[in-house]
Amino acid sequence: MDEPSMPTPPAHSPGPPAPPIPLTELLASKELGLRRIAGPADADLLWVHTSEMADPYPYLLGGELLLSAGVLLTDPDHYVARLVEAGAAALGFGVRPVHETVPEALIEACDRYGLPLLEVPPETPFTAIARAVWRLMAEARHRELRRVTRAQQALATAAARPDPVPAVLHQLAAQLSGRAVLLTGRGEEVHAAGRRPPPEAAAALARLARVVARERPGSPASATDTHAGTHLAAYALGGGEGLALALATRRREAGDHTVAGIAVVLLSLLAAPHQGADAADRSAALVRLLLGATPVEVAPLLGSPGPWTVIHARRSDGTTADALTAGALGASLGSALVDAGREGDDTVRVLLPSTAGEATREAVGGEAPARREVTPQPGGGEATAAREVPPQAGGGEEPPTPPQAPAVTPQPGWTLGVSTPTPLAALDSADLRAARALAHAEATRAPLTVDTPVTGLAALIPPDQAAAHARTLLAPLTPPLADTLRCWLSLHGSWDRTAVALAVHRNTVRQRIGRCAVLLGVDLNDMDVRTELWFALRQE
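Owing to the predicted nature of the structure, the values given are computational and were not obtained by experimental measurement.

Asks: Please clarify how the overall build of the protein chain should be interpreted in this entry.
Replies: Looking only at helices and strands, the protein chain features 16 helices and 19 strands. Across the 540 residues that make up the protein chain, the buried fraction comes to 42%. The contacts of the protein chain with a sequence gap of at least 6 include a subset with a gap of at least 24, amounting to 62%.

Asks: What exactly am I supposed to notice about the sheet that holds strand β7 (residues 117–120) here?
Replies: Paired through their backbone hydrogen bonds, the strands of a sheet run either parallel or antiparallel. Reading across the sheet, the five strands line up as β2-β7-β6-β5-β4 and stay open at both edges, with mixed pairing between neighbours. A strand with exactly one partner marks an edge of an open sheet, and here the two such strands are β2 (35–38) and β4 (47–50). The sheet shows a mean angle of 30° between the axes of neighbouring strands, direction not considered. Across four bridges, the pairing between β4 and strand β5 (residues 64–68) is parallel. Its bridge partner being in β5, Thr 50 is matched across the sheet by Leu 67.

Asks: Quick question: what am I supposed to make of helix α15 (residues 506–520) here?
Replies: Since the α-helix turns once every 3.6 residues, residues separated by three or four places project in the same direction. Taking 1.5 Å of rise per residue, the 15 residues of α15 would be expected to cover 21 Å, and the 21 Å separating its terminal C-alpha atoms lies within 8% of that figure. Along α15, the residues that are buried comprise Val 509, Ile 513, Cys 516, Ala 517 and Leu 520. Projected down its long axis, α15 carries its buried residues within an arc of 95°, all on one side. Facing away from the buried side of α15 by more than 90 degrees, the exposed set consists of Gln 511 and Val 518. Just beyond α15, the residue with positive phi is Gly 521, at close to 65°.

Asks: Got a minute to help me understand the sheet that holds strand β10 (residues 222–227) in this structure?
Replies: Taken in spatial order, the five strands of this open sheet run β9-β8-β12-β11-β10, and their pairing is antiparallel. Edge positions in the open sheet fall to β9 (189–193) and β10, since each of these has one partner strand only. When strand polarity is set aside, the average angle formed by the axes of neighbouring strands in this sheet is 15°. As judged from the six bridges shared by strand β11 (residues 230–236) and strand β12 (residues 244–249), these two strands associate in the antiparallel manner. Bridge pairing links Ala 233 to Leu 247 in β12. Its contacts with the sheet put helix α6 (residues 199–213) on β8 (178–183), β10, β11 and β12, and the angle it makes with β11 is roughly 25°.

Asks: Even after reading the chapter, I still don't get the packing of aromatic side chains, so can you show me in this structure?
Replies: Working definition: an aromatic ring pair is given by the centre-to-centre distance plus the angle between the planes. Under the counting rule described, the total for this entry stands at one aromatic pair. Centre to centre, the rings of Trp 488 and Trp 495 are 5.4 Å apart; their planes meet at 35°, and the pair counts as tilted. Note on Trp 488: relative accessible area 3%, which makes it buried. Over the aromatic face of Trp 414 sits the side chain of Arg 315, whose NZ or CZ is 5.4 Å from the ring centroid.

Asks: I would appreciate a short explanation of the pattern of salt bridges in the present structure.
Replies: Where charged atoms from two side chains of opposite charge approach closely, those side chains can pair. Throughout the structure, instances matching the rule amount to 19 salt bridges. Measuring nitrogen to oxygen at the nearest pair gives 2.9 Å for the salt bridge that ties Glu 119 to Arg 35. Taken together, the residues span a long stretch of sequence, with Glu 119 in strand β7 and Arg 35 in strand β2 at a distance of 84 residues. When the shortest N-O distance is used, the salt bridge between Asp 163 and Arg 161 registers 3.6 Å. Arg 161 gets classed as partly exposed once you look at its relative accessible area, which sits at 47%. Among the charged side chains, a network of salt bridges with common partners joins Glu 31, Arg 135 and Glu 139.

Asks: What should I look at first to understand the pairing of strand β15 (residues 348–353) in this one?
Replies: Here six bridges tie strand β13 (residues 308–315) to β15, and the two strands are oriented antiparallel to one another. Residue pairing across strands places Thr 309 opposite Leu 352, the latter belonging to β15. Where strand β14 (residues 338–339) and β15 come together, two bridges link them in antiparallel fashion. Bridge pairing in β15 places Asp 339 opposite Arg 349.

Asks: Whenever I open this one, the confidence of the model for the protein chain confuses me. Can you help?
Replies: In low-pLDDT regions, the fine details of the predicted coordinates are not to be read closely. Of all residues in the protein chain, 80% attain a pLDDT of 70 or more, and the chain-wide mean is 79. Note on residues 1–13: pLDDT under 50 across the span, and 14 contacts to partners over four residues away in sequence or across chains. The low-confidence segment residues 356–397, where pLDDT is below 50, has 53 contacts with residues more than four positions distant or belonging to other chains.

Asks: How should unusual backbone geometry be read in this particular structure?
Replies: Working note: non-glycine residues mostly have negative phi, and peptide bonds are mostly trans. Looking along the chain, the bond that leaves Arg 96 and enters Pro 97 is cis, with omega of 5°. Among the structural elements, Pro 97 can be located in the loop between β6 (90–94) and α3 (104–113). Positive phi, normally seen in glycine, also occurs at Ser 177, with a value near 55°. Here Ser 177 is to be found in the loop between α5 (164–176) and β8. Phi is positive for His 492, close to 60°, though the residue is something other than glycine. With respect to the helices and strands, His 492 occurs in the loop between α13 (479–490) and α14 (495–502).

Analysis parameters
Residues numbered from 1 in each chain as written. Predicted model: local features only at pLDDT ≥ 70, side-chain atom pairs only at ≥ 80, totals over all residues. Heavy atoms only, no water. Helix = DSSP H or I, 4+ residues; strand = E, 2+ residues; numbered from the N terminus. Buried < 20%, exposed > 50% of the residue type's maximum accessible area, 1.4 Å probe, protein only. Contact = heavy atoms within 4.5 Å. Pairing = 2+ DSSP bridges. Axes fitted to C-alpha atoms, helices over the stretch in contact; angles between N-to-C directions. Expected span 1.5 Å × (residues − 1). Arc of directions from axis to C-beta. Phe/Tyr/Trp six-rings, centres within 6.5 Å; stacked < 30°, edge-to-face > 60°. Lys NZ or Arg CZ within 6 Å of the ring centre and 35° of its normal. Salt bridge = Lys/Arg side-chain N within 4 Å of Asp/Glu carboxyl O. pLDDT = per-residue confidence, 0-100.

If you want it as C-alpha cells, here you go:
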C-alpha cells in the first residue's frame, strides 16, 4: 500500500548525531556482496531508508542510501531525477523476486544523473545493509570522539605554555593539517601557523574572517566557504576585541568543527582582556590621568589604593613577546595592567597591586599573630634565617605590618624581576629596582629575583640621614658607574655575571670598576669598603 503524500521536506535538514560513512567502506564489507554498477564511487551516507514508492522524494532528508526492489518502478529516468533532487546519496537495488536483474534503463539514468547505483544480491536482506551502516557509523563516531579528546588535551597543554596563543594555533594547525590564523577585524594577521594556502584562498579567508569579526549586531559567529578545493572557515572570538580565528584545510573530516570550537574557546579566554579590574574603571583612570589627576587619585579605580609591585619580565628564549602573550603573562600574575614593551625594548612590565597589613591582629581571642623576622645575607642575597617573634603580652597593639609582596611565582618561559611593594608616589623607583632585579635574575640564570627591602641594621638608620650619606659618598660617580658598581657588588664581584646583567663586555666591567675605585679613592677588595658602598647604593 502506498504511503500517504507528505509536504516537501525542508531544504536544510539536521544531520544525524554521527559522522557520514563513505560509500567505499560499505562496499568493502564482503559479507554483503554489494556491487557498484553505475554512478560515481564517492558518496557519503548519512542514513539508510527503504521505500517502494514510485516517488519517495517527500520522505527523504538527503544523504540517504535508498533501498528498493523496484516494485513500482515504471519510469527510471523520472525516478532517479527525483532522488537526486531530494539529495539521496546512493540507490541500492535488490534483484529478485521483482526484477531478475537491474533494469538497464535504471543503470543509464544513474550514470546520467551521477547517482551511485548498487546491486544488492538476493541473499542479502535490506536489514543487513542497514545494520552494517549503523555499525560503521558507531565505529566512526568512536574514532571521532577519540580524536576530539586527543585534540582537546593537546590544545589545553598548548594553552598552558608561556606563549599560549601561538602554541594553540600551531597545535590546531597540526590537528587539522591546515592553516590556522588569528586575524583582526581589519584582516590584519596577528599570529599564524601551518602551511600557507594559495594567495587567492588566503585572500578569500581574510574576507571570510572580516564577516564574522565585525563588531555589529547580527554578525554571524562562524562562516564557511570553499575556494579552489580549499575548505575555509572563520570563527569570531569572544571578548569584544574584534578578533577572528580563520582556518584553511585541504580536506574536511569528522570532528574538525568540534576541534575548532575547542580552540575558539581557549583563544577567546587567552585573547580577552583580564577582568580583575573593570575595563570601564581602567579607561576612566587613564582619562583622569590625561586630564591632570594624580596617580594617588586614580589608584582606587584600578582595584587597589596601593602599595604596588612592579614586575619586569623577558622571555627566557630571547624572543620578543607580543601583546597577547604579554597579556597572558599578566593574567597569570593576576593583573590587567601590562605594558607589552616599548620600541627597542623587549621587557614586559606588569603593575601588580600589593596587599598591606594581612598579618594584623585577628579578631579571635584578641591575639595578634606572630611576626616573622628575616635575617638577610650580606650583600643583599636571599634570606638565610628567620625566627618567630611572639605577640606582645597584655593585648597590646601590634605595629602595622609592612606591605607584603604578592605571591609572585616563577612563570614557565619567563625571567622575572620583582620590586618590593611601593607607594604610588615612588613607582619610578620601583620600576628601576624591578629592572635591576631582572638583570640580576638573567645574570644568575634564576627564573625570578625579588628586590629585597632594606632590613636589619641598615633599617635602623633614619632614611633621610642614610640618603644624605649615600649622596655624599657616591657623588664622584656618574650614573653608569654607580649602576655598574651596584650590579657588581650584588653579584659578589663576578665579572662575567655583571657583564651579562649589563649586556656589556667583561672588559668594560673591569674598566668601570677600576674607574670607580680611582674616583672613590678606596680599595674595592676590602670587605668593609664593599659593605659601606653597598649600604649607600641601596639608598638610591
